[in-house]
Every structure is written in C-alpha cells, then in structure tokens.
Amino acid sequence: MNFTKKDYKQKYAIRHYAPAPVEFDKLPDSSVPLYCGDDIIKNPDRGFRGELKITLGTMEEYPNTKLHAYDALSTHYEKYRKENIQYYQLYVYLTRYCKKRIDQEALNQLTEYMQKLNNLHIRVLLRFAYQTELAPKSPGTAHMIRNMQILKKWFKDHETLVNDTVYAMQLGMIGLWGEGHGNSRFINKKKIVKHAFDMIPDGMTLTMRHPKYISLAPEPYEKQASLHDDFLIGKEHPWGMIPFNHPEWQMLVNKCKHSFTDGEMPWGRDTTVPIINPIDFLCQCRDYALSTLSIEHNYKEEGNCYHLLKWKDIYISENELKNNQLPYLPVSLTNHQISVFDYLNIHLGFVPCISNLKINKNQAEFDIYNFGIGTAADYRILLKTSDKTIVLCSDMTNMCQFTRTHFSAEFDKDLQIRIERKNAPQLTYRLANEVEYRNGWNIIL
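So, a few notes on the structure that sits alongside this text. Keep in mind that what you see is a predicted model, and the values were worked out from it rather than measured.

Looking at where T111 falls in the secondary structure, it is placed in helix α4 (residues 104-119). A polar atom in the side chain of T111 sits 2.8 Å from the side chain of W154. Not counting chain neighbours up to four residues away, the residues in contact with T111 comprise W154, H158 and L161.

Right, let's talk about unusual backbone geometry for a bit. Positioned with a positive phi, M173 is a non-glycine residue whose angle comes to about 65°. In this fold, M173 is placed in the loop between β4 (166-170) and α7 (189-199). The exposure class assigned to M173 is buried, which follows from its relative accessible area of 1%. Of note, N356 is a non-glycine position whose phi angle comes to about 55°, a positive value. By secondary structure assignment, the location of N356 is in strand β11 (residues 352-360). Given a relative accessible area of 5%, N356 falls into the buried group.

Another point: the environment of D387. Tracing the backbone through its elements, the reader meets D387 in the loop between β13 (379-385) and β14 (388-393). A relative accessible area of 78% places D387 in the exposed class.

Counting buried residues in strand β1 (residues 47-55) gives 9 out of 9 residues, a clear majority hidden from the surface. Pairing of β1 with strand β8 (residues 292-294), which is carried by 3 bridges, proceeds in the parallel orientation. When the sheet's bridge partners are listed, R49 is paired in β8 with S294. Read as a crossover between parallel neighbours, the route from β1 over helix α3 (residues 69-79) to strand β2 (residues 87-93) is right-handed.

This next bit is on the sheet that holds strand β6 (residues 225-229). With respect to topology, 8 strands assemble into a closed barrel ordered β1-β2-β3-β4-β5-β6-β7-β8, the strand pairing being parallel. Sheet topology places β4 next to strand β5 (residues 206-208); 2 bridges connect them, and they run parallel. For Q170, the partnering residue across the bridge sits in β5 and is T207. Sitting on the sheet, α7 touches β3 (123-129), β4, β5 and β6, and the angle it makes with β5 is about 150°.

Another point: helix α5 (residues 141-157). With 17 residues, α5 should cover 24 Å at 1.5 Å per step; its first-to-last C-alpha distance of 24 Å lies within 8% of that length. Residues of α5 that are buried include every one of T141, H143, M144, I145, N147, M148, I150, L151, W154 and F155, and no others. Looking at the buried positions of α5, the neighbouring elements they touch are α4, β3, α6 (159-165), β4 and α7.

What counts and how
- Every chain begins its residue count from 1, and numbering advances along the sequence as written.
- With the structure being a predicted model, the display of local features is reserved for residues of pLDDT at least 70 and the display and counting of side-chain atom pairs for 80 or more, all residues being used for whole-chain, interface and lining totals.
- Remark: hydrogens and water are excluded; side-chain values derive from all non-hydrogen atoms of the structure.
- By the criteria applied, helices consist of DSSP H or I runs no shorter than four residues and strands consist of E runs no shorter than two, each listed in order from the N terminus.
- Polar contacts, as counted here, are pairs of nitrogen or oxygen atoms within 3.5 Å of one another; within protein the pair requires one atom able to donate a hydrogen and one able to accept it, and residues that are adjacent in sequence qualify only if both atoms are side-chain atoms.
- Between two residues, a contact is recorded if the distance between any of their heavy atoms is within 4.5 Å.
- Any residue under 20% of the maximum accessible area for its type is buried, any over 50% is exposed, and the rest in between are partly exposed; the area is computed with a 1.4 Å probe on protein chains only.
- For two strands to pair, DSSP has to find at least two bridges joining them.
- The path from the first strand over the helix to the second decides the hand: if it runs clockwise while the strands point away from the viewer, the crossover is right-handed.
- The convention used is that axes are lines fitted to C-alpha atoms, helices contributing only their stretch in contact, and that angles between N-to-C directions extend from 0 to 180 degrees.
- Each residue after the first adds 1.5 Å to the expected span of a helix.

Next comes the structure, spelled out in structure tokens:
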C-alpha cells in the first residue's frame, strides 16, 4: 500500500517548534555518578503500557461480548505482573449511548472502575469511543457534544481521581475504536476537537491519531495537542502517519519532541509488514519522541513470539546508537551494547540526570540532562536547600532528547531536586544518578 499524490499535497496547520538536538553539546562529568536501576524504569508516565477496555452500561470489557470488565482487568494485571506494567490505554466504550445521553448508572460505573485502577496504582491513557466492528453505529455531532458536556461535569466532579489515574487523554470519539476513521456518519471534526479540549482537565495533553486533527486544535489549546501513532512499523505507511518526505513532516516531528506522545505497533498476527527492522523502529520512536508504547501489540499475543519479545535477544551496539542519533544512558549498556527491548524499556519518555555540579561558596551550578527519547511535558522541577524550596523550572517541554539544561541557585548546606507532576505532585522522578531518593526528593548533597 502506497501514499497517493493527494497525501503528499495535503496541507496541515502545524505550529513551528524548534528541532531537538541530535547529540549532546557537552558530555556529563563524574561529579554525580550515573545510575540505572529498576527504579529508573518505574519513573512515572513513561515506558511500556498495556491495554484495558470497559463498556459503560453493560460492564462488558468489549461491546457485545460476555467478558466482564473487572475479570478482564484482573487478567491483564496478572498477564503483565512480571513486566511490572502500571500504565495502560483505557478504552471506554459508549456504544449504548449513541442515541441516549450518558446516564448516572454509566457515570457510577466509570467512577468505580477508575477507583479500582487507583487502588491498583494503575494510570491510564484515556479514550472514549462509540464504534467497533461489532457495534458500528455512531451518534451525530450534536449528540456527541451533549455527551461530552456530561463527561465534562464528571471530570470536574472527580478532579482528584482523574489527576491520580489519567496521565493523558486521546481524542477518541470519532470512528472505529475512536481512531478517527471509518465513522458511520458525518461528524463535524472541528467541533468535536474543540469540545474535547473543553471536556478534559486544564492543561492535560490530548493526543490525536493524525495531524489533520492536530490542525483543528483551537489556538488556546494548541500546546496541549499531541500525537499517537497506532501503526508503528519503522517506516512510512498510509495506516500510520503522513509521508516522511511530506513538506510538514519535520514540523510534526518537531512538535512531538516538545509533547507527550504515545504509539503502538500493529498486532503480531498482522502480516501487512511481516518484518520490522529494529533500528528503523527505534528511529521512528525517536522521531515521535515516544513516552509510552503498547506492550499489548506485537509482543506475545496468544502465547506467540512477536517482534518485541524477539527483540529481547536482538542487541544494538553503542556505535549503532551514536550513528543513528539515538540518545542513551551510558550506564544502561553492558559491554557497549543493549537489547532493543531494554533500550525501549529504559529510554521511552524522560530520563533525567544531574551532572557538571559545581559549588562556589553560596552558589550551586549544575546541568540536567535528558537521556530519554521523550520529555516530561506535564512536570516541573523544584529545588530545596536548607529550609527553602523554589520552583527551578515550571515548563519542561523544551527539555527534550539530547538536551542539557543549565541551572544555578543559591546554596546553603544541602541540595535536593524534585521532579513532580503539576496536577499530581505525589508522582516524582528518580534521577539517573547514584544519590539517595527519599519521599520524592533526590538528595544531591
């Protein structure tokens, strides 16, 4: 399957963002030794994610099936216990509400399910959808907006629960599985995009399946708009995104570097692309600056061995990482190499470390590096010295791959760094340094 001339000529409205560096302008020194333990992989809102589903009204997992959503949740939780997966994409199916408004029964079911996730310390990438291959009908634009207004009130009434359990939203709503294609009737996409931003909590990222939807984001929300690609294969494909040599491709990539992004491969049983080149795939993940990637797809469905599982035994060398401009935490390598699976497990999202630390009387200077391929768009950095705490950085969107950000601050007798999510400050990052990590604080000195 190839792109058409129309695909190359299609124009979008993607805002200009600065490109990310392709290498560090200065390497870290040994002032604060680097570290790569399991707790780095457990840093929040990054890494491999699973997939969950719930159908409101029936409490089935998937519409028109008999499996209960809670039984499916238990199965998936156990399925990935070894991989310690705490992040999931959650499809909330609204198939019973194509012609009627979302009722209180459905809202109660949603609340109880999210509370269950919270008790399991699971966070989700949330998507609402109306259509599946088993339930192909869709509401019209006006009815869809009415239901979005009901959901807006639910989001507001359950603000703390949402902040604790939802790490980003997906546009959803439109088309099969909420993927924006195959919708059974005309939908005013511009109106749905506008109301989706109005529905969700202020500042939360809203990922979209294609740049044509990103182009519809109203100006006040443009920075919240981002991307998810559900057909990652390491090369261009019409089922994925726009052509790599499209005039606006680089603008799309630049925007991704400063945003939260998500992706997934096709199912392992999909023979559209029988062989996926691992280095090409890593480069595509780097281009999109992925923070989360589905482990549900192309791993071990139905007990089979697909690409992600095979890549546990496929290694990429340090020279290959350098030659392909793939950022890497030096101490993550063993004998100058790392498996493709482990590279993704460690380097998806934001991987921060402090280095080049200098103390001059009452002044501390240091750099924070990002060895990951993504960023931490919804986080901020705090610094504590003695009993004084300041906000060191309130907007981390420019701390993308290959960046070194210099900071200086007054120094007394100690130095602590905290990277916390703005709307859920209990979620914090452990630095990739050999330092004590206590109550969310990295104790540097």
